[in-house]
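# Structural overview for review
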Amino acid sequence: QVQLVESGGGLVQTGGSLRLSCTASRGTFSNYAMGWFRQAPGKEREFVAVTTWSGDAAHYRDSVKGRFTVSRDNAKNTAYLQMNNLKPEDTAVYYCAASGLGVGVYQRAYQYDYWGQGTQVTVSS
């Protein structure tokens, strides 16, 4: 069973940057597509970005395109979400998740098998 631990969240001003990390233990990290989701207070969890098992493809929600970049280092069992030009509406708890469905980019929470505990990102205006 894969265990995921996120880190890198925090408080940043509008226009600032953060890099989230998601480190996996147990299982074979390179077997999984890695996704990022977020959940703001009072809202449903929403898809943010995903990278395939090899890292050769990625997909983003429209509101973060051009600002966020998802990547992975399979040798380090770690996925990353680089977030630039942050906006107050990006404030949320961010979760990483692993999908064992095979090659593809997955945007639905039910397509993921394992989840991290979440890390808080707060963007002040």
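Summarised in this report is the structure supplied together with it. Note that this is a predicted model, so its numbers are computed, not measured.

Turning our eyes to something else, we now look at unusual backbone geometry. When glycine is set aside, most residues are seen to have a negative phi, and most peptide bonds are trans. In this structure, Asn77 is a non-glycine residue whose phi angle is positive, near 55°. Structurally, the position occupied by Asn77 is in the loop between strand S7 (68-73) and strand S8 (78-83).

The biggest cluster of nonpolar side chains holds 27 residues, and the ones touching the most others in it are Trp36, Leu81, Met83 and Tyr94. When contributions to this core are tallied by element, the ones reaching two or more residues are strand S3 (18-25), strand S4 (33-39), strand S5 (46-51), S7, S8, strand S9 (92-99) and strand S11 (119-124). Grouped together as the second largest cluster of nonpolar side chains are 7 residues, Phe37, Phe47, Tyr106 and Tyr112 included.

Attention now moves to the sheet that holds S8. A sheet is described by the order of its strands in space; here 4 strands give the open sequence S1-S3-S8-S7, paired in antiparallel fashion. Each edge of the open sheet carries a strand with a single partner, namely strand S1 (3-7) and S7. Shown here is a sheet whose adjacent strand axes are inclined to one another by a mean of 15°, direction ignored. One ladder, built from 6 bridges, connects S3 with S8; its direction is antiparallel. Residue pairing across strands places Leu20 opposite Leu81, the latter belonging to S8.

Glancing now at the side chain of Arg38. Of note, Arg38 is situated in strand S4. Judged by its relative accessible area of 5%, Arg38 falls in the buried class. A distance of 3.0 Å separates a polar atom in the side chain of Arg38 from a polar atom in the side chain of Asp90. For Arg38, the side chain forms a polar contact with the side chain of Tyr94, separated by 2.9 Å.

Now for the pattern of salt bridges. Taken as a whole and judged by the stated rule, the model has 5 salt bridges. Of the charged contacts in the structure, one is a salt bridge between Lys65 and Asp62, with a shortest N-O distance of 3.0 Å. Between Arg67 and Asp90 there is a salt bridge; the shortest N-O distance is 2.7 Å. With Arg67 in the loop between strand S6 (58-60) and S7 and Asp90 in the loop between S8 and S9, the pair connects residues that are 23 residues apart, well separated along the chain. Both residues of the pair, Arg67 and Asp90, belong to the buried class. The network of salt bridges with shared partners includes Arg38, Glu46, Arg61, Arg67 and Asp90.

So, about the state of the cysteines. If you walk through the whole model with that rule in mind, you get 1 disulfide. Sulfur-sulfur distance for the disulfide between Cys22 and Cys96 comes to 2.0 Å. Measuring the twist about the S-S bond at about 60°, one finds the Cys22-Cys96 disulfide to be right-handed. Taken together, the residues Cys22 in strand S3 and Cys96 in strand S9 connect sequence positions 74 residues apart. The residues Cys22 and Cys96 share a single accessibility class, namely buried.

Rules used in this analysis
- Here, residues in each chain are numbered from 1, in the same order as that chain's written sequence.
- Per-residue local features of the predicted model are confined to residues with pLDDT of at least 70, and side-chain atom pairs are confined, for both listing and counting, to 80 or more; whole-chain, interface and lining totals are unaffected and use all residues.
- Water and hydrogen atoms play no part in the side-chain values, which are based on all heavy atoms of the structure.
- Working definition: helices are DSSP H or I runs of at least four residues, strands are E runs of at least two. Numbering for both runs from the N terminus.
- To form a nonpolar core, buried Ala, Val, Leu, Ile, Met, Phe, Trp, Tyr and Cys residues must be joined to one another through side-chain atoms within 4.5 Å.
- Throughout, exposure labels follow a simple rule: accessible area from a 1.4 Å probe, protein chains only, divided by the maximum for the residue type, with under 20% read as buried, over 50% as exposed, and the rest as partly exposed.
- A pair of strands is considered paired only if DSSP assigns at least 2 bridges between the two.
- For helices, the fitted line uses only the C-alpha atoms of the stretch in contact; every axis is such a line through C-alpha atoms, and the angle between N-to-C directions lies from 0 to 180 degrees.
- In protein, a polar contact requires one atom able to donate a hydrogen and another able to accept it; more generally it is a pair of N or O atoms within 3.5 Å, and residues adjacent in sequence count only if both atoms are side-chain atoms.
- Salt bridge, as applied in this entry: a Lys or Arg side-chain nitrogen positioned within 4 Å of an Asp or Glu carboxyl oxygen.
- Two cysteine sulfurs form a disulfide in these notes if their separation is within 2.5 Å.

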